Amino acid sequence: MTCKVSYCNIKSAISFLLICFLLMSEQQGYGQLNLIRTDSLINKDWKFTHQAVADPFRADYDDAGWESVKIPHCFNATDPYDDNDDYYRGIVWYRKNFQLSGGVQKGKRYVICFDGANLVTDVFVNGAPVGRHEGGYTAFQFDITSFLKSDGKENLIAVKVDNSENPFVAPLHVGYTIYGGVYRHVRLITTNDVHFNLNNYGSSSVFVSTHEISKDNASVLVNMNLTNQSSARKVVKAIHTIYDKEGNKVFSNLSEDIVLAPESNTQKNIYFNTAITNPHYWSPEDPYLYKIITQITDGQKILDEQTNVIGVRTFRFTADSGFFLNGKKYVLKGTNRHQDKMEKGSALSYEDHEADLQSIKKMGCNFLRLAHYPQDPYMHQRADELGLLLWEEIPLVDLMNIDEHFKDNCANQIREMIRQHYNHPSIILWGSLNEIFLQDKYGERAQKQTDSIYAANVSKYAAYLDSVVRAEDPYRYSTMAMHMSSDYDKFKIDIIPQVASYNIYNGWYSGKVEERSEEHTSELQSRQYLVCRLL
C-alpha cells in the first residue's frame with residue numbers, strides 16, 4: 001500500500017506543532033528544548049508605565065503599580081482620534097521577568113529579537129544595558145547570553161521606548177501618526193555557538209536569489225553569513241535542499257568545507273547553475289513558491305537551519321513600454337497601505353493584517369506600496385503566498401536633516417529593510433524617500449525650495465541613499481516618490497533612482513482623476529524613464 005501525504009498537510013501539521021510549542025514556551029521556561037534553533041514568543045506577562053520613573057531597569061525596582069500588558073502593545077493607540085491637535089510622544093517603560101529552564105546551557109547563544117518598537121529603544125537585561133536601536137519599523141536583536149544568570153534564577157528584561165521627535169532618526173515629519181510602544185512581537189532565539197549570523201541588521205543572514213531564468217532552468221545564488229562564537233576553529237559544510245510546492249525534492253547540494261575561525265564571521269556565496277529545471281513561474285495570478293532549506297553541519301549533526309521561499313520570476317521596468325513580468329507586459333494596479341487600526345494603533349494582530357490583504361486582493365490589486373515604512377513580516381510572507389507585488393520604503397518623508405548622523409540612520413534603515421526582507425519574491429522596488437521637497441528645511445510646507453544650498457544637499461544625500469539601495473540589492477530596482485514639483489528636476493533628484501515615481505493627487509485632494517498638469521505631462525514625456533502614477 002502506498003501512502004501519499006501532501007506538502008500542504010505536512011506544512012499544516014508542522015505549523016500546528018509550532019504554534020503549540022510557542023504557546024507552551026509562553027508559559028514555561030524559554031528556549032530549552034533540544035532543537036537546532038528555537039524561536040519562542042515572549043509576548044505575555046509584561047509590565048508597562050508611561051509615568052516618569054527613575055532607573056526602572058534595576059532588579060530591585062518595584063513595578064507592582066504598573067499596568068499588565070501583552071505584546072504587541074501600542075501606548076497611544078487612541079490619542080489620534082480625540083479632539084486635541086496633539087498626541088502623546090515620549091518615554092515609556094516595559095519590564096518582564098523570565099526564567100531559562102536549567103539555566104544557560106554551554107555552547108548555546110541567547111538572542112532577544114524585537115520585530116518592531118517605535119521609535120528609539122534601549123534594552124536592559126538584569127540591570128545592564130545591552131543595546132540601543134534607532135528606528136521604528138524594522139526588527140532588531142541583541143545577544144544577551146553574557147547578561148543572563150547562569151544559575152537558572154529569574155532574569156529581568158527592561159525596555160525603554162521613546163517615540164519623541166528625534167532630529168537624527170527618520171521620520172522627522174509625517175502626515176500620519178507616529179505610534180509608540182513595543183507594537184510587534186518579541187522573541188527569544190536560542191542557537192548553537194556556530195550559527196547563521198544574528199548580528200546582521202536583524203536579518204537571517206541567508207540571502208537567496210534566482211538568476212539565468214528560462215523555461216528550462218533557473219539558477220540559484222545563496223549568500224550566507226556564518227558565525228563561530230566558540231573559542232575553537234570549526235570546519236563545517238552547508239546543505240541546500242529545494243522542494244517544490246507539492247513537497248517533492250528538486251535539488252540538493254552538500255558544499256565543500258567551510259573553515260570558521262574562532263570568534264569570527266565568515267561570508268560564503270554558493271551558486272547553483274541548474275538548481276530548478278522546468279521552473280514554475282511566480283506571478284500574482286499564480287503565486288507558486290518553492291522552498292529552500294539551508295543547513296550548517298559539522299558532519300555529525302546539524303548546527304543551524306534556515307528555511308526560505310523561492311519565487312521564480314523575471315521583471316523589468318522600461319521607459320518606453322512600462323513594466324514586464326515573466327517576459328510579458330504587465331499593468332500594475334494597486335494601492336498604499338498603512339499599518340494601523342482604530343483603537344489598536346499599530347499593534348495589529350495577524351488577523352488584522354490578513355483582513356487588509358484580503359480587501360486589497362478583493363479590490364483587484366496586484367501591487368501594493370507599503371507606505372511609508374517597512375511593515376510586519378507577516379505582510380511580506382502573505383504577499384508571496386497571495387500574489388502581490390510590493391514596493392517597500394524607509395520612512396524618510398517630507399523633510400531631511402542635513403546631518404551625518406541622520407544620513408547614517410537612514411542608510412542603516414535601508415540596510416535593515418533590505419536584508420530582513422530580501423528573500424521575498426513579491427518585492428520588486430525599494431524606496432529611499434517620499435516627497436522630500438514637500439517642506440522646507442524648517443519643516444514648513446513649501447511650494448518651491450528657496451534655499452538652494454539645502455536643496456543641493458538634499459540631492460546629495462538622496463544620491464547616497466540610492467547608492468546604498470543598489471549596493472544592498474543589485475537585482476531589484478531603486479525608486480523615490482516625488483510630488484508634482486519642478487524642484488525635483490531643478491535639483492536633479494528625479495534622475496537619481498532607477499524608477500522615478502510620482503504621487504499624483506488629482507481627484508483626491510483637488511481636481512479630477514483625468515486631469516494632469518500640461519507642464520508636467522510634457523516634462524515627463526520628454527524624459528526616458530518610467531513614471532508610476534499612484535492615484
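**Quick notes on the nonpolar core**
No. 1: Counting 47 residues, the largest nonpolar core has Leu 396, Met 400, Ile 436, Phe 437 and Ile 493 as the members making the most contacts within it.
No. 2: Of all elements in the fold, only α2 (350-362), β24 (367-370), α3 (377-386), α4 (404-421), β26 (427-434), α5 (452-472), β27 (477-483) and β28 (499-503) reach the threshold of two or more residues within this core.
No. 3: Tallying contributions element by element places α5 first for this core, with eight residues.
No. 4: When residues no more than four places from it in sequence are discounted, the contact partners of Phe 437 are Asp 398, Ala 446, Gln 449, Ala 455, Val 458, His 483, Asp 487, Tyr 488, Phe 491 and Ile 493.

**Concerning the packing of aromatic side chains**
No. 1: Under the counting rule described, the total for this entry stands at 23 aromatic pairs.
No. 2: Consider the rings of Phe 57 and Phe 124, whose centres lie 4.7 Å apart with planes at 10 degrees: the pair is stacked. With Phe 57 in the loop between β2 (46-49) and β3 (67-69) and Phe 124 in strand β6 (residues 120-125), the pair connects residues that are 67 residues apart, well separated along the chain.
No. 3: Taken together through their ring pairs, the aromatic side chains of Trp 46, Phe 48, Phe 75, Tyr 88 and Tyr 94 make up a single cluster.
No. 4: Lying over the aromatic face of Phe 324, Arg 316 brings its terminal NZ or CZ to 4.1 Å of the ring centre.

**A short note on the sheet that holds strand β5 (residues 108-114)**
No. 1: Reading across from one edge, β1-β10-β5-β8 is the order of the four strands in this open sheet, with antiparallel pairing throughout. Lying at the two open borders of the sheet, with one neighbouring strand each, are β1 (38-41) and β8 (140-143). Averaged over all pairs of adjacent strands, the angle between their axes in this sheet comes to 25 degrees, without regard to strand direction.

**Looking at unusual backbone geometry**
No. 1: A cis amide bond, omega 20 degrees, links Asn 118 with the succeeding residue Leu 119.
No. 2: Tracing the chain through its elements places Leu 119 in the loop between β5 and β6.
No. 3: Along the chain, Ala 371 connects to His 372 via a cis peptide bond; the corresponding omega equals -10 degrees.
No. 4: Mapping His 372 onto the fold places it in the loop between β24 and α3.
No. 5: One non-glycine residue, Asn 126, adopts positive backbone phi at about 50 degrees.
No. 6: Positionally, Asn 126 belongs in the loop between β6 and β7 (128-134).
No. 7: Overall, Asn 126 belongs to the partly exposed group, its relative accessible area being 22%.
No. 8: Residues other than glycine seldom take positive phi values, yet Glu 343 does so here, at roughly 75 degrees.
No. 9: Mapping Glu 343 onto the fold places it in the loop between β23 (334-337) and α2.

**Here's the deal with the sheet that holds β3**
No. 1: In space, the six strands of this open sheet follow the order β3-β2-β4-β9-β6-β7, with antiparallel pairing throughout. Each end of this open sheet is capped by a strand with a single partner; those strands are β3 and β7. Neighbour to neighbour, the strand axes of the sheet diverge by 25 degrees on average, direction disregarded.

**As for the pairing of strand β10 (residues 186-192)**
No. 1: Most of β10 sits out of view: seven of its seven residues are buried.
No. 2: Alternating positions in β10 separate into two faces, Val 186, Leu 188, Thr 190 and Asn 192 on one and Arg 187, Ile 189 and Thr 191 on the other, with burial throughout.
No. 3: Across four bridges, the pairing between β1 and β10 is antiparallel. In the sheet register, Thr 38 faces β10, and the bridge partner there is Thr 190.
No. 4: In this sheet, β10 lies alongside β5 in antiparallel orientation, the contact comprising seven bridges. Bridge assignment links Lys 108 to a residue of β10, and that residue is Asn 192.

**Notes on the packing of α2 against α3**
No. 1: In the contact formed by α2 and α3, the axes pass within 10 Å of each other and the chain directions differ by 40 degrees. Seen from above, α2 lies across α3 with right-handed handedness. Here Tyr 350, His 353, Glu 354, Leu 357, Gln 358 and Lys 361 of α2 come into contact with α3, specifically with Tyr 378, Met 379, Arg 382 and Leu 386.
No. 2: Looking at the contact of α2 with α3 residue by residue, the class counts come to five nonpolar, two polar and three charged.

About the cut-offs
- Residues numbered from 1 in each chain as written.
- Predicted model: local features only at pLDDT ≥ 70, side-chain atom pairs only at ≥ 80, totals over all residues.
- Heavy atoms only, no water.
- Core = buried A, V, L, I, M, F, W, Y, C linked by side-chain atoms within 4.5 Å.
- Buried < 20%, exposed > 50% of the residue type's maximum accessible area, 1.4 Å probe, protein only.
- Helix = DSSP H or I, 4+ residues; strand = E, 2+ residues; numbered from the N terminus.
- Contact = heavy atoms within 4.5 Å.
- Phe/Tyr/Trp six-rings, centres within 6.5 Å; stacked < 30°, edge-to-face > 60°.
- Lys NZ or Arg CZ within 6 Å of the ring centre and 35° of its normal.
- Pairing = 2+ DSSP bridges.
- Axes fitted to C-alpha atoms, helices over the stretch in contact; angles between N-to-C directions.
- Left-handed = near helix turned anticlockwise from the far one by under 90°.
- Nonpolar A, V, L, I, M, F, W, Y, C, P; charged D, E, K, R; others polar.

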